[in-house]
Structure formats: structure tokens, C-alpha cells
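The lines below spell out each chain.
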Amino acid sequence: MTQEILRLNAVSKSFIVNGRKVEALSGIDLTLRPGEFTALVGASGCGKSTLLRLIAGLDTPDAGQILLDGVPINGASRSCGLIFQDHRLLPWLSVVQNIELALAGTKYAAAARRALALASLELVGLTDFAGAFPRQLSGGMAQRVALARGFVNRPRLLLLDEPFSALDSLTRARLQTELLRIWAHEGTSMLLVTHDVEEAVLLADRVIVLAPNPGRLNIALDIDLPRPRLRSSAELAAVKAEILHWLDDLAAAA
Amino acid sequence: MSGVADRQVIVLPARSNGQPYAVGQAWPRRLRFAAVPVLLFLLWQTSASFKLIPLLILPSPLQVWQAFLAAGASGTLTTALEVSLRRLALGYVFGVALGLPLGLLFAISPVIRKLIAPSFWFIVRVPLLAWIPFLMVLFGLGEALKLIIIAKAVMTPVTINTERAIHGIPAGWRELGRLYRLSPWVTLRRILFPATILPVFTGLRLGLVQAWAVLVAVELLASSNGIGFQLTMARQLFQLDTMLALMAVVGVIGFLLDRVLALAERRIGRRFGGAV
């Protein structure tokens, strides 16, 4: 049991859209090992985000079981963090207050919360912006604050829902590097949902491909490339090409 | 001489920010708002000076000013204002006390919304002035009539804006509360309240402005005191200078009420900025 942080057993989920039942996810079996960086790729609409929301405890599956550290999940939990595509910082709270919000449900005293929030802010290199408000930040900085908020609870598992897809490519590259550095430092297990295959190959130990209609697991691919990886390396390009090829086949089959 | 040499060249002085005046900008920007009022005043004064309209119908600016001073000195103006503003305050409190919870209920309970909203909208769609005869029959000409009318005028925008504010909270923000397992109280204090305060306040401002307009109207029609009543009195006594002075007072008060709340609204907007 200690060799897995997350286990999904035959998880299914459907939604009612315009009075019609649409199966979003069907029979998902998935196991994540502690400390591992896993990426989930797939075409848009294949249920990637739905899967993350189920694991985060924001939605409940229609069938199947989700175990976090061997325990069935029951609603959101502090040992499982979630980073959204948009930074979701509250405009009326300063940067440090936004991070403290993630601790507002804990028993920590105010001073301890502040200390933890500042430590997390240091992790993303934004200590100088503790008192700033979200509107004063660039998109990349705001997403870094969101990362700090995601890490402040020291989660066992951090879910990332296309966290860099709204950023320009230079900022995205910088934040990817940043994320790897924090991951190496914290040892958190990561589950990244992305439609950017290069991002998946660059960051992850393992890439899982999701097939659409209904969303189901297709293949899992271990990425054995040594770190630090170079975006421009031929090996990386080869793996990327292989996964893209796979996705094309899936799209053609659909 | 050539035409070019004849042309007068005016070098405009640099503006305080160092930018030269743009062509056709003889009025400094900040004084532009005064152009039309000054023109209207001049027209009025001209009409009075040359008696284009009989002074009995349109008194001169000076007459109106003197009537204003007289009304102030005799105490009629202050008494009337006191009565009207007290009515406004009381009716406003009633209207807000009804509108806020109603908007909240509409937003959070589909059942209550289904039950009450159609009637609410029917009441809203019948203009306030059309309600007055009916309410006069029902409640007589006393204070109750005025309070009900004002409260209704306030309630409408407050309810609508409160409901809209709550519906307008982005789902992603509410989700943060669930994700971090925040208590209902913390969620309310940290997320829901700040996310709604600005649009709710807009409803409070609109309500106050409408309440003032409606108050004057109901006093015109069915009252024995207050500024609206003084207006009708002045017309019946054919003291048109007094009437115009009172009109100006009504306008200035309405303007100030709106200004003060608009200023507060802007502050709230800065504090909770980006909330909407």
C-alpha cells in the first residue's frame, strides 16, 4: 500500500447535457506512485479536467472508487492540492492573504499561517510581492502565487489542471522549470493535466494518454529521459512525436 | 499679400501637463462641463431682461434667488426638508430591509424564486405613479402611504441587484471555499461578501436616487407637508419664483445623494476591485 499514493478503481462519471446523458469518463483504473510526476494528455473534451475534479473531491464519481493514501476520498482534502488553469486569486486579498486563504480551514494560529504563507511565497521567488494585490501582478506572477497557494498546505499530491496553458510561451517555459525545481525540493507527487505533449514529456516521469468519448485510459508511457531535460533534444522530440502519433490515431478512430 | 501671411497664428499656452492644446480645444477640458449651463443661464437672464417670457411665468434668476433666501429665512424650506428627509430615511431603511433579504432568497432558493418572483415582477412593472391612486384608497393620505411608496421604489433595484450580485459570483471562487474546506463563516467573510458588495451597493445607490424622486412625486400628489407639498403650494399661489427655487433644491439634493454614494461606490470598487 505504501507504494501508491493514489488509486482509482473503475471510476466512471457522466453528465446530463441538454437532457441527454453524456459519458465523460468510463472505467478509469489508475495508480500513482509517491513522488512521481505523472502527466495526463488527451484531446480537449476527453474528460481530463473531470478526472482531476473527481480526485480533488470537488465532484463525486457515479461508479468506482478513489483512494488517496489507501483511504477513500470524501470531499476535498488538504493532502490533495489543486492548481487551476486560471490563477483564481481573489482581487480583494493581497498576495500573502490569498495564500493564507488555503490555510483558513486549519487550526494554525494567524502568525503561523503568515509564516507558512511567506515560506511558500519564497519557494516561488515572490517574497517581495507579499503585500501586492493580484491586479498588480503579471499573468505569470499570478500563476506562481497560485503555485505557492497550492504548496502551502504541503499536500501529498498536487493536481495541476493545465496550469500554464493561459500563459505566453516564454513565461510558460520559465514556470515549467520553476515547477520542476519545486517538485525536486518538495518531493510532492504531481498529476498534471495538459494538452501540450511537449510539456508532458519535458516534465513527467510517466505520460498517460486519455482517449475521448467516453474518456478512458489508453496507454501509459514511462519517460526515461535523464533530467534536466532539454526541450530541444532529439530524444525528447522522438518521444513527443510518438505520443502525438498516438493521439492522431485516437482522433482518427473516434 | 498672400492669404498665408494674413492668417492669424495663435500659439496656445502649454497645458499644465506640458501637452499643447489640440486644435479646436479653446475650452480647457475641466471647464467644458460648464459651457451648456452657462449658455442656458444666459438665455434665462436674457429672457428675463427683455421679458421674452412674462416674469410671472418665468421669473428672473435674481427673483428666484431671493425667493430661495426668503424660504430659507422663514423656515419653510428647512421644515419641509426635515420632513422630507426623515421620510426618505425611514422609507429607505424599510426598502433596504425588504430588498436585501428578498434578493438573497431569490438567488439561493429556486423554490421561493418560483413562488414570489412573478408577483414581484408584476408589482415592479406597474409604474409607481400608477400605484398611488390604489394605495391612496387603501392607506389614506397618511405617512404609511409615503413610506410604502418609497420602500417599494428602494426595494426594486436593491432586490434585483442583490440577486444579480449573488448569481454573479464566479463558480471558481465559490469552489475555493470547498477546496480549502473553509467554514461557512470564513467563506462568507472572505469570498462571498467581498465578491458581492460592489453590485449590491450599486443597488443601494440606485434605490436612494429613485426614492428621492418618488418621494417628491408622492408629496406633490398626496401630502400636507414636505418639499413636494411646498412645490405644489407655490404653484397654486402662483409664486413661481419660490417654485423654481424649490425645484433647484430638489435637484441639488438628488444630485448630492447620488454623488456621495457614487464616491463611496468608487472606493468600494477600488478596495474590492476586479470583483465584477
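Refer to the preceding data block for the structure.
Please read these numbers as outputs of a predicted model, since none were measured by experiment.

(A) Representation of the sheet that holds strand β7 (residues 157–161) of chain A. All names here are of chain A. The six strands are arranged β6-β7-β8-β3-β9-β10 in an open sheet whose pairing can be described as mixed. Among the strands making up the open sheet, the edge pair consists of β6 (80–83) and β10 (216–222). Averaged over all adjacent pairs, the angle separating strand axes in this sheet is 20 degrees, with direction ignored. Relative to β7, β6 runs parallel, the two being bridged by four bridges. What sits directly across from Leu82, in β7, is Leu159. Those strands touched by helix α5 (residues 169–186) are β3 (37–41), β7 and β8 (189–194), and its axis lies near 140 degrees from that of β3.

(B) View of the packing of aromatic side chains. Applying the stated criterion across every chain yields a total of seven aromatic pairs over all chains. Centroid distance Phe120 of chain B to Trp121 of chain B: 5.6 Å. Interplanar angle 80 degrees. Geometry classified as edge-to-face. Looking at Phe120 of chain B, the relative accessible area reads 5%, which means it is buried. Taking the relative accessible area as the measure of exposure, Trp121 of chain B reaches 29% and is therefore partly exposed. Above the face of the Phe84 of chain A ring, Arg88 of chain A is positioned so that its terminal group lies 3.6 Å from the ring centre. Taking NZ or CZ as reference, Arg271 of chain B lies 5.1 Å from the ring centre of Phe272 of chain B, over its face.

(C) Structural view of the packing of helix α6 (residues 128–139) of chain B against helix α7 (residues 143–167) of chain B. Residue and element names in this part refer to chain B. For the pair α6 and α7, interaxial distance at closest approach is 10 Å and the crossing angle is 150 degrees. The interaxial crossing formed by α6 with α7 has right-handed handedness. When α6 is examined against α7, the residues Leu128, Trp131, Ile132, Leu135, Met136 and Phe139 are found in contact with a partner set consisting of Leu145, Ile148, Ile149, Lys152 and Ala153. Residues of the contact of α6 with α7, tallied by class, amount to ten nonpolar, no polar and one charged.

(D) Main features of a nonpolar patch on the surface. Residues and elements named next belong to chain B. On the surface, Phe50, Leu52, Ile53, Leu56, Ile57 and Phe238 cluster together into a nonpolar patch covering about 660 Å² of accessible area. On the secondary structure map, Phe50 appears in the loop between α2 (35–49) and α3 (61–74). On the accessibility criterion, Phe50 (60% relative accessible area) is exposed.

Cut-off values and rules
- Residues numbered from 1 in each chain as written.
- Chains lettered and ligands numbered in written order.
- Predicted model: local features only at pLDDT ≥ 70, side-chain atom pairs only at ≥ 80, totals over all residues.
- Heavy atoms only, no water.
- Pairing = 2+ DSSP bridges.
- Helix = DSSP H or I, 4+ residues; strand = E, 2+ residues; numbered from the N terminus.
- Axes fitted to C-alpha atoms, helices over the stretch in contact; angles between N-to-C directions.
- Contact = heavy atoms within 4.5 Å.
- Phe/Tyr/Trp six-rings, centres within 6.5 Å; stacked < 30°, edge-to-face > 60°.
- Buried < 20%, exposed > 50% of the residue type's maximum accessible area, 1.4 Å probe, protein only.
- Lys NZ or Arg CZ within 6 Å of the ring centre and 35° of its normal.
- Left-handed = near helix turned anticlockwise from the far one by under 90°.
- Nonpolar A, V, L, I, M, F, W, Y, C, P; charged D, E, K, R; others polar.
- Patch = residues over 30% accessible without salt bridge, like charges linked within 9 Å, V, L, I, M, F, W, Y side chains within 5 Å.
- Areas by Shrake-Rupley, 256 points an atom, 1.4 Å probe, with all protein chains shown as cover.
- Salt bridge = Lys/Arg side-chain N within 4 Å of Asp/Glu carboxyl O.

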